[in-house]
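Close look at the chain arrangement
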Amino acid sequence: MAAAAAAGRWRRGRLCREARSSLAAFLLGASVAALPLALGSPPALLASPGLRGRLALALHVAAVNGALLLLYPRPLYKIAVRAGFLGFAFGCGLLLSAGRSAWRHFGWYMCSLSLFHYSEYLVTAINNPRSLSLDSFLLNHSFEYNLAALSSWVEFTLEKLLVPEMKQITWLSTVGLLMVIFGDCLRKAAMLTAGSNFNHIVQNEKSDTHTLVTSGVYGWFRHPSYVGWFYWSIGTQVLLCNPICVVGYTLASWRFFRERIEEEEITLIHFFGEEYLEYKRKVPSGLPFIKGVKVEL
């Protein structure tokens with residue numbers, strides 16, 4: 001039964017018009033990675049693009065946007081243009097990652113960041129299309145989230161200019177990349193395991209389809225999607241060799257998830273009662289020093 005339900009969710013998600021449109025747009029944007037072949041340039045095109053390279057990038061952006069405008073009506077265009085932008089960022093990250101460019105590790109970061117946000121939308125489209133919206137990309141998650149991203153870019157750029165060798169610690173960036181891969185895979189596994197029970201917004205009312213998921217990665221941690229996001233976010237800063245943001249992201253993420261878990265567990269106890277309390281006693285939250293909401297007996 002569980003396998004049949006999962007297969008049914010996959011079939012519905014695969015046929016979802018928004019999912020197909022977003023995937024086509026993402027791949028179209030990512031095709032920027034093929035520009036070196038078209039220009040006969042070295043793979044590390046973005047490291048020193050020159051006038052010809054900049055012109056090619058500008059033409060590619062214009063061509064992709066024009067194609068999306070022609071292919072999709074306005075509601076789908078809003079989805080496609082965001083997916084296309086993320087695909088373009090992913091393709092640019094691949095170009096920066098090529099060769100031995102000083103911006104190589106930032107290319108890894110661009111690939112990680114763009115793939116994280118796009119896959120949030122795609123997995124939601126497959127898993128729970130009824131909750132799908134433009135917000136599913138998480139591009140407008142919060143002012144604080146955007147400020148944190150901007151801060152990491154500023155720190156990386158300043159330290160690269162002032163202490164360039166600090167950004168060439170390949171072993172440390174590799175550790176960060178592994179943290180990013182682990183965190184993102186864990187989060188997506190949690191989303192897929194939860195199925196239609198997963199939502200980017202904490203639900204205050206229990207629907208008829210709500211069930212308590214305790215199998216798969218939920219047997220390891222009560223909140224595997226938050227555990228994945230926590231280590232993904234810190235990993236991005238380890239990857240960039242950003243010591244200030246590593247500390248800042250760790251503290252800010254820990255505080256955010258502590259509050260989020262307590263808020264969510266109040267709702268889960270209200271929904272499932274003793275069933276959730278028993279699950280809570282057996283399975284840890286997964287995040288260090290976060291035990292969740294305290295229940296007075």
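Data block above holds the structure.
Residues numbered from 1 in each chain as written. Predicted model: local features only at pLDDT ≥ 70, side-chain atom pairs only at ≥ 80, totals over all residues. Heavy atoms only, no water.

1. Some points on the pattern of salt bridges
Stated precisely, the cut-off is as follows: Salt bridge criterion: a side-chain nitrogen from Lys or Arg within 4 Å of a carboxyl oxygen from Asp or Glu. Only DSSP runs of H or I covering at least 4 residues are called helices, and only runs of E covering at least 2 are called strands; the numbering of each starts at the N terminus. Accessible area is worked out with a 1.4 Å probe on protein chains only. A residue is then buried under 20% of its type maximum, exposed over 50%, and partly exposed in between.
The final tally for this structure, using the stated rule, is nine salt bridges. The salt bridge involving Glu265 is made with Arg222; its shortest N-O contact spans 2.8 Å. Linking Glu265 in helix 10 (residues 243-272) with Arg222 in the loop between helix 8 (170-194) and helix 9 (224-239), this pair joins segments that are 43 residues apart in sequence. By the burial criterion, Glu265 is buried, and Arg222 matches it. Among the ionic contacts, a cluster of salt bridges with common partners joins Glu120, Asp184, Arg187 and Lys188.

2. Quick notes on a nonpolar patch on the surface
For clarity, the threshold we go by: Two joining distances apply to patches: 9 Å for like charges and 5 Å for nonpolar side chains (Val, Leu, Ile, Met, Phe, Trp, Tyr), and every residue must have over 30% relative accessible area and no salt bridge. Reported accessibility uses the Shrake-Rupley method at a 1.4 Å probe radius. Residues are deemed covered only where the shown protein chains occlude them.
A cluster of nonpolar side chains, contributed by Phe143, Leu147, Leu150, Trp153, Val154, Leu158, Leu161, Leu162 and Val163, occupies part of the molecular surface with about 920 Å² of accessible area. Secondary-structure assignment places Leu158 in helix 7 (residues 143-162). According to the relative accessible area criterion, Leu158 is partly exposed, its value standing at 46%.

3. Re the state of the cysteines
Just so we agree on the cut-off: Defined by distance alone, a disulfide is two cysteine sulfur atoms within 2.5 Å.
For the coordinates displayed, the defined rule picks out zero disulfides. The closest cysteine sulfur to the non-disulfide-bonded Cys92 is located on Cys111, 9.4 Å from its own sulfur. Free of any disulfide, Cys241 has its nearest cysteine sulfur in Cys245, 12 Å distant.

4. Observations concerning the packing of helix 7 against helix 10
When two helices pack together, their arrangement is given by the angle between the helix axes and the distance between those axes. This is how the line gets drawn: An axis is simply a line fitted to the C-alpha atoms; with a helix, the fit covers only the stretch in contact. Between two such axes, the angle follows the N-to-C directions and lies from 0 to 180 degrees. By the definition adopted for this analysis, an angle is roughly parallel if under 35 degrees, roughly antiparallel if over 145, roughly perpendicular if from 65 to 115, and oblique otherwise. Working rule for handedness: look at the near helix, and if it is turned counterclockwise from the far one by less than a right angle, call the crossing left-handed; if clockwise, right-handed. Contact between two residues is taken to exist if any of their heavy atoms lie within 4.5 Å; hydrogens are not considered. Three categories are distinguished: nonpolar for Ala, Val, Leu, Ile, Met, Phe, Trp, Tyr, Cys and Pro, charged for Asp, Glu, Lys and Arg, and polar for the others, with Gly belonging to the last.
Packing of helix 7 against helix 10 brings their axes to within 9 Å, and their N-to-C directions diverge by 160 degrees. The angle between helix 7 and helix 10 falls in the class roughly antiparallel. The way helix 7 lies across helix 10 gives a crossing that is right-handed. Here helix 7 contributes Ala148, Ala149, Ser151, Ser152, Glu155 and Glu159 to the contact with helix 10, which in turn contributes Pro243, Ile244, Cys245 and Tyr249. Within the contact of helix 7 with helix 10, the residues separate by chemical class into six nonpolar, two polar and two charged.

5. Digging into the packing of aromatic side chains
Two measures describe an aromatic ring pair: the distance that separates the ring centres and the angle between the ring planes. Threshold: Only the six-membered ring of Trp is used, alongside the rings of Phe and Tyr, when aromatic pairs are assigned; centres must lie within 6.5 Å, and planes under 30 degrees apart are stacked while those over 60 apart are edge-to-face, with the rest tilted.
Summed over the entire model, instances satisfying the criterion amount to 17 aromatic pairs. With a centroid separation of 4.5 Å and 20 degrees between ring planes, the pair formed by Phe26 and Tyr118 is classed as stacked. One end of the pair, Phe26, is in helix 2 (residues 17-30); the other, Tyr118, is in helix 6 (residues 104-127), and 92 residues separate them in sequence. Across this residue pair, the class does not change: Phe26 and Tyr118 are buried.

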